[in-house]
Amino acid sequence: MSVALEVRGLTRRFGKLVAVDDASFEIRRGEILGFIGPNGAGKTTTMRVCATLDLPDEGDVLIDGVSVVLDPRGVRRRLGFMPDSYGAYVHTTVADYLDFFARTYGLRGKDRARMLAYVKDFTGLTPLEHKLMTSLSKGMKQRLCLAKTLLHDPALLILDEPAAGLDPHARVELRELVKALAGLGKAVMISSHILTELSQICTSVAVIEAGRIRATGTVDDVIRRARTQHQRVFVRSLAPIDALLKLMLETPGVETARPERGGVVLEVAGAEDDLARLVRRLVEAGMDPIEFSPKATDLEDVFLSLTAGTVQ
Amino acid sequence: MTLAAEQQEQVATELAPLAERLSDRLNPILVKEVRQSLRGRYFKVSFWVTLTLATMIGLGVLLVSFSSTREGASAVYGPQFFVAIFACLALATQVLVPFSAFLSMGSEWDENTFDLLVLSNLKPRQIVIGKVQSAAVQALLFYASFGPFLVFAFLLRGLDLLAIFLCLGISFVGSLLLSCLAVALSSFGQGRFARLMLMVLLAIVLVQGTFVTIAWAGQTMMIPSLLRDPDMLQGLAAAASIAAAVAAFFFAAACARLAHPEENRSTGLRVMTLVGIAVGLAWATIIDGWSVDEDVVLGAVMVGHAVLALATLFFITEPERLGRRVAAKLPKSRLVRLLATPLLPGGARGLVFFVCGSLMMSAWALGYSFIAEGRLVFTTGELDALVALPLYGVIFLGIPSALFTKRLDSLAVRGISRIVIVTGFIAAIMLPALIGFLFGLPNWADFEHPLNVFTMIHQMLRKDGHYEEARYFLVAGTLICVALNWPRLVRAAREQLQAPTAASSDA
């Protein structure tokens with residue numbers, strides 16, 4: 001699959017603040033990349049640069065090989081951006097709104113009519129086309145904005161917090177739409193705070209904190225890499241819990257230990273070799289372990305392990 | 001359904017594809033704005049209120065006119081009725097319509113929709129044209145609805161058809177010019193407070209402009225022979241072309257404001273400033289009748305320098321660097337890059353722009369003298385003034401701006417530097433006068449000191465007073481200015497010459 005978006009050494013400063021610091025990652029066609037990070041991490045700045053609404057101080061972003069610095073208009077033809085907050089035109093119906101943007105993208109006559117019918121059908125807006133857009137619910141407005149971003153059939157979609165403020169039903173619908181778009185071969189970059197939501201649709205992730213990319217790759221890769229750096233383990237033994245706790249806290253590599261459900265939950269820095277050493281130490285210390293189960297790592301664990309919630 | 005209704009529907013169905021094809025050619029902003037206006041309240045209310053007001057005022061004027069027993073009163077029924085109706089029309093097209101354009105542009109910031117327009121790939125130029133076209137359509141709707149009143153006024157007699165068309169044409173051009181101004185002002189006020197201030201300023205300009213149009217129309221209707229006066233026609237043509245240049249400047253200003261800060265926001269405005277000055281000089285030549293009146297020539301040069309200095313105040317305080325997008329679009333030829341210096345963005349290049357603009361005006365004055373009279377008609381004092389004007393400009397703009405050159409990337413510093421330049425200019429006139437007053441220097445106390453450009457130029461032209469002192473000040477000031485600005489000028493030239501082209505950046 002060809003690369004739809006390539007971020008190369010992107011740096012964006014606002015005065016002394018480095019909002020994005022030498023960020024690099026890429027998205028291929030058909031891929032859904034979850035762009036995750038705490039508030040103020042630089043997600044929206046990165047997305048605005050990718051969407052040509054802002055310019056990098058250093059580095060570049062290529063959309064289908066076209067530079068956001070050198071050819072912003074060329075980029076806009078290849079990209080659909082759904083910002084986290086966008087306005088509604090007063091006295092404008094759903095149909096008029098979409099018709100206006102279709103005209104701005106240069107769609108004429110039958111091509112425009114065909115595309116409008118397609119996006120309205122795809123996003124389920126056909127029954128609402130004569131409603132004023134100011135009277136739409138939040139979920140419907142999100143659909144409308146998504147429909148607008150699809151009008152010129154972009155190769156890459158950048159969705160900034162599209163699920164924010166949506167009820168569970170609307171979230172599921174949006175998730176299905178995003179999956180369908182990836183199925184059509186479009187690359188999708190999506191930021192969200194709802195990590196469970198992202199983990200269900202993303203094929204890859206990029207984790208950003210304080211402007212720096214902390215991890216990037218497929219979801220499985222990132223989780224595997226996180227597992228080699230950090231593990232959570234539940235241990236139960238026949239020995240008293242206090243003794244088990246004391247031993248574990250004295251063991252090198254164990255970061256935290258807390259009692260839970262008749263055992264101890266450990267946060268261990270290191271890979272699977274380090275877990276094997278831990279088991280050996282339990283046995284050698286005569287703790288009689290009866291359960292030693294590493295917890296499955298998910299996207300939320302990865303996020304929490306990689307970020308400290310630093311806000312710039 | 002009746003047969004007539006069926007036929008109507010059939011015609012509408014047949015015309016729909018044609019209308020659709022025609023609308024494909026229109027600016028998308030125009031289509032959107034017209035749809036919004038027709039659904040919104042602002043246009044509907046202002047439309048019906050204006051029509052009602054025009055009807056009532058028209059009837060009132062007719063009642064008063066018909067009740068007059070004065071001899072020959074019937075001859076002025078038409079002009080009186082026309083002026084009353086025209087006043088309503090001018091208020092609608094020159095106040096309400098531009099105001100609507102101002103609100104429309106402002107709503108893009110308020111409703112947070114401007115980013116969507118940028119993403120839609122519309123160029124700033126298309127956005128501004130769309131807004132102005134929408135204002136023009138609204139104005140045309142007003143003209144159409146006032147048609148019956150105007151025909152009625154003509155039938156009352158006493159009206160010159162040329163005068164009617166001229167009045168309507170001038171009010172339409174005025175409406176377009178004021179709409180351009182409204183969109184430009186609105187694009188400057190992205191914050192609510194700033195826009196409120198600009199709205200007050202706009203309201204003052206709109207009302208003033210409209211009253212001038214109404215007063216002119218009244219005079220023309222009452223004395224139609226004025227339109228046969230060649231001087232009047234020449235004045236109208238001059239006013240129209242200068243208005244067009246001003247409108248083009250506002251248009252360029254609005255486009256520059258809507259463009260991304262990294263885009264080239266300066267070249268269009270620099271070109272429009274020079275075009276505006278050139279139009280003014282051309283009219284000075286025509287009005288002078290190719291007989292070189294020194295007062296007209298030097299007056300035009302002085303006004304030209306005032307306009308140039310005002311525009312340069314903004315250009316000279318621009319961030320120094322070109323920006324990555326602008327640098328990538330520079331021509332490949334190094335010579336062309338250097339020749340383009342005065343028109344490219346950047347503070348140092350702003351100083352070069354001022355010098356080039358001044359040279360353009362001096363060249364016009366001298367060239368006009370040689371071509372029209374075959375010799376140099378200016379006295380030595382007048383030639384001194386022609387040299388002194390640009391030097392004063394260079395000193396008062398160049399020295400203070402050089403102090404801020406490294407921090408012009410900051411919007412706040414840019415604002416401060418402009419305030420410093422203006423206050424520095426005023427202080428340069430006031431402070432020596434105060435010093436002269438305190439230390440018993442009578443000439444200085446009377447504002448006859450070398451830093452006062454107005455007195456010095458006046459004395460140079462009259463060849464009296466103490467203007468010789470000004471020469472020392474101008475030489476010293478220019479040398480200091482060049483010394484202070486040399487590093488930024490060299491940096492600017494180096495940046496232009498070393499900037500990678502788009503092709504090499506890609507590589």
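Quantities reported herein were computed from a predicted structural model and do not represent experimental measurements. (Residues numbered from 1 in each chain as written. Chains lettered and ligands numbered in written order. Predicted model: local features only at pLDDT ≥ 70, side-chain atom pairs only at ≥ 80, totals over all residues. Heavy atoms only, no water.)

### A few points about the overall build of chain A
Within chain A, the regular secondary structure consists of eleven helices and 14 strands. Taking all 312 residues of chain A together, the buried fraction comes to 53%. At a minimum sequence separation of 6, the contacts of chain A that also span at least 24 residues come to 68%. Counting every atom, chain A has about 13,300 Å² of accessible surface; 51% of that belongs to carbon and sulfur. Distance from the positive charge centre (41 side chains) to the negative charge centre (41 side chains) of chain A: 6 Å. (Helix = DSSP H or I, 4+ residues; strand = E, 2+ residues; numbered from the N terminus. Buried < 20%, exposed > 50% of the residue type's maximum accessible area, 1.4 Å probe, protein only. Contact = heavy atoms within 4.5 Å. Areas by Shrake-Rupley, 256 points an atom, 1.4 Å probe, with all protein chains shown as cover. Lys, Arg positive; Asp, Glu negative; His and termini not counted. Charge placed at Lys NZ, Arg CZ, Asp CG, Glu CD.)

### A word on the domain arrangement of chain A
All names here are of chain A. We note that the domain assignment places domain 1 (3-209) and domain 2 (225-306) within chain A. Computed from C-alpha atoms alone, the centre-to-centre distance between domain 1 and domain 2 is 42 Å. Opposite the nine residues of domain 1 that make contact, domain 2 presents four residues. A combined buried area of about 600 Å² lies between domain 1 and domain 2, and 87% of that area is made up of carbon and sulfur atoms. A per-residue breakdown of the area domain 1 buries against domain 2 is headed by Ile-36, Leu-195 and Val-207, which together make up 59% of the total. Counting across the interface, domain 1 meets domain 2 through zero salt bridges. Applying the counting rule to domain 1 against domain 2 returns zero residue pairs in polar contact (both at pLDDT 80 or more). Only α7 (195-201) and β9 (204-209) provide two or more residues apiece to the side of domain 1 that touches domain 2. (Domains from an automatic or database assignment. Buried area = accessible area lost by both parts, 1.4 Å probe. Salt bridge = Lys/Arg side-chain N within 4 Å of Asp/Glu carboxyl O. Polar contact = N/O pair within 3.5 Å; in protein donor to acceptor, adjacent residues only side chain to side chain.)

### Comments concerning the sheet that holds strand β1 (residues 3-14) of chain A
Working definition: the strands of a sheet are paired by backbone hydrogen bonds and lie parallel or antiparallel to each other. Residues and elements named next belong to chain A. Strand order in this open sheet of four strands is β2-β1-β4-β5, and the pairing throughout is antiparallel. Both edges of this open sheet fall to β2 (17-28) and β5 (66-67), since each of them pairs with a single strand only. Relative to β2, β1 is paired through eight bridges, and the arrangement is antiparallel. The residue bridging Val-3 from the neighbouring strand is Arg-28, located in β2. Those strands touched by helix α1 (residues 43-50) are β1, β2 and β4 (58-63), and its axis lies near 120° from that of β1. (Pairing = 2+ DSSP bridges. Axes fitted to C-alpha atoms, helices over the stretch in contact; angles between N-to-C directions.)

### Considering the domain arrangement of chain B
In terms of domain boundaries, chain B breaks down into domain 1 (27-228) and domain 2 (263-498). Using only C-alpha atoms to locate each centre, domain 1 of chain B and domain 2 of chain B end up separated by 38 Å.

### Overview of the sheet that holds strand β11 (residues 230-237) of chain A
All names here are of chain A. The strand order β12-β13-β11-β14 describes an open sheet built from four strands, whose pairing is antiparallel. Only two strands of the sheet have a single partner each, and these edge strands are β12 (254-260) and β14 (289-294). This sheet shows a mean twist of 20° between the axes of neighbouring strands, independent of strand direction. The sheet strands contacting helix α9 (residues 241-250) are β11, β12 and β13 (263-269), and the helix crosses β12 at an angle near 170°. Packing against the sheet, helix α10 (residues 272-284) makes contact with β11, β12, β13 and β14, and its axis sits at approximately 165° to β14.

### Considering the nonpolar core
Within the largest apolar cluster, 143 residues are counted, with the highest numbers of intra-cluster contacts made by Leu5(A), Val61(A), Leu151(A), Ile158(A), Ile190(A), Phe82(B) and Phe146(B). At 15 residues, helix α4 (residues 77-110) of chain B tops the list of elements feeding residues into this core. Apart from residues no more than four positions distant in its own chain, Leu5(A) is found in contact with Phe25(A), Glu26(A), Ile27(A), Cys50(A), Val61(A), Leu62(A), Ile63(A), Leu156(A) and Ile158(A). By size, the runner-up hydrophobic cluster in this structure holds 48 residues, among which are Ala252(B), Leu351(B), Val453(B) and Leu474(B). (Core = buried A, V, L, I, M, F, W, Y, C linked by side-chain atoms within 4.5 Å.)

### Points about the side chain of Ser100(B)
Residue and element names in this part refer to chain B. One can find Ser-100 in helix α4. Judged by its relative accessible area of 11%, Ser-100 is buried. Beyond its immediate sequence surroundings of up to four residues, Ser-100 is in contact with Tyr-42 and Gln-138.

### Thoughts on helix α16 (residues 411-439) of chain B
All names here are of chain B. Look at α16: 41 Å from first C-alpha to last across 29 residues, which is about the 42 Å you get at 1.5 Å a residue. The largest bend along α16 reaches roughly 30° and is located at Ala-427. Of all the residues in α16, the buried ones are Val-413, Arg-414, Ser-417, Ile-421, Ala-428, Ile-429, Pro-432, Ala-433 and Gly-436. In the core, the buried residues of α16 are packed alongside α11 (294-315), α15 (380-403), α17 (442-445) and α18 (453-462). (Expected span 1.5 Å × (residues − 1). Bend = angle between axes of the 7 residues up to and from the residue.)

### Examining the packing of helix α10 (residues 267-288) of chain B against α11(B)
Packed helices, taken two at a time, are described by the angle their axes make and the gap between the axes. All names here are of chain B. α11 packs onto α10 with a crossing angle of 170° between their chain directions and a minimal axis gap of 10 Å. The angle between α10 and α11 places the two elements in the roughly antiparallel class. Where α10 approaches α11, its residues Leu-269, Arg-270, Thr-273, Leu-274, Ile-277, Leu-281, Ala-284 and Asp-288 are matched on the opposing element by Val-296, Val-297, Ala-300, Gly-304, Val-307, Leu-308, Ala-311 and Phe-315. Looking at the contact of α10 with α11 residue by residue, the class counts come to twelve nonpolar, two polar and two charged. (Parallel < 35°, antiparallel > 145°, perpendicular 65-115°, else oblique. Nonpolar A, V, L, I, M, F, W, Y, C, P; charged D, E, K, R; others polar.)

### Here we look at the packing of aromatic side chains
Summed over the entire model, instances satisfying the criterion amount to 22 aromatic pairs over all chains. Judged by centre distance (5.9 Å) and plane angle (75°), the ring pair of Tyr143(B) and Phe172(B) falls under edge-to-face. In this pair, Tyr143(B) is assigned in helix α6 (residues 124-155) and Phe172(B) in helix α7 (residues 161-188), connecting sequence segments 29 residues apart. Classification of Phe172(B) by relative accessible area gives partly exposed; the value is 23%. Within the aromatic cluster, the residues linked to one another by ring pairs are Tyr392(B), Phe396(B), Phe425(B), Phe454(B) and Phe473(B). Across from the ring centre of Tyr89(A), 4.0 Å away, lies the NZ or CZ of Lys32(B), which sits over that ring. (Phe/Tyr/Trp six-rings, centres within 6.5 Å; stacked < 30°, edge-to-face > 60°. Lys NZ or Arg CZ within 6 Å of the ring centre and 35° of its normal.)

### Quick look at the pairing of strand β3 (residues 32-36) of chain A
Residues and elements named next belong to chain A. With five of five residues buried, β3 lies mostly within the body of the structure. Covered by surrounding structure in β3 are Ile-32, Gly-34 and Ile-36 together with Leu-33 and Phe-35, the residues of both alternating faces. For β3 and strand β8 (residues 187-191), the ladder comprises four bridges, and the chain directions are parallel. What sits directly across from Gly-34, in β8, is Ile-190. Bridge analysis of β3 against β9 gives four bridges, and the strand direction is parallel.

### Comments concerning unusual backbone geometry
Phi is positive for Glu161(A), which is not a glycine, with a value near 50°. With respect to the element layout, Glu161(A) can be found in the loop between β7 (156-160) and α6 (168-183). Although it is not a glycine, Val292(B) sits at a positive phi angle of roughly 35°. Relative to the elements of secondary structure, Val292(B) occurs in the loop between α10 and α11. The class of Val292(B) is buried, set by a relative accessible area of 6%.

### Overview of α10(B)
Residues and elements named next belong to chain B. Between the first and last C-alpha of α10 there are 31 Å, a value that for 22 residues agrees with the 32 Å anticipated at 1.5 Å per step. Of all the positions in α10, only Leu-269, Arg-270, Met-272, Thr-273, Ile-277, Leu-281, Trp-283, Ala-284, Thr-285 and Asp-288 are classed as buried. Downstream of α10 by one or two residues, Gly-289 has phi in the positive range, about 65°.

### Some thoughts on the packing of helix α3 (residues 94-104) of chain A against helix α5 (residues 138-150) of chain A
Residue and element names in this part refer to chain A. Their axes nearest at 9 Å, the elements α3 and α5 cross at an angle of 25°. In this view, α3 runs roughly parallel relative to α5, as classed from their interaxial angle. Here α3 runs over α5; the crossing is right-handed. Here α3 contributes Val-94, Tyr-97, Leu-98 and Phe-101 to the contact with α5, which in turn contributes Leu-144, Ala-147 and Lys-148. Split by residue class, the contact of α3 with α5 holds six nonpolar, no polar and one charged. (Left-handed = near helix turned anticlockwise from the far one by under 90°.)

### As for the interface of chain A and chain B
Taken together, the contact between chain A and chain B spans 41 residues of the former and 34 residues of the latter. On the chain A side of the contact with chain B, Leu70(A), Tyr89(A) and Arg103(A) bury the most area, a combined 19% of that side's loss. In this assembly, chain A and chain B are joined by five salt bridges. Across the pair Arg35(B) and Asp99(A) runs a salt bridge whose closest N-O atoms are separated by 2.8 Å. One can count 16 residue pairs in polar contact (both at pLDDT 80 or more) joining chain A with chain B. For the side of chain A that touches chain B, the elements supplying multiple residues, two or more each, are β4, α2 (72-78), α3 and α4 (109-123) of chain A. Examining the composition of the side of chain A that touches chain B, we find that seven residues originate from one element, α3(A), more than from any other. Its residues assigned to classes, the side of chain A that touches chain B shows 19 nonpolar, nine polar and 13 charged.

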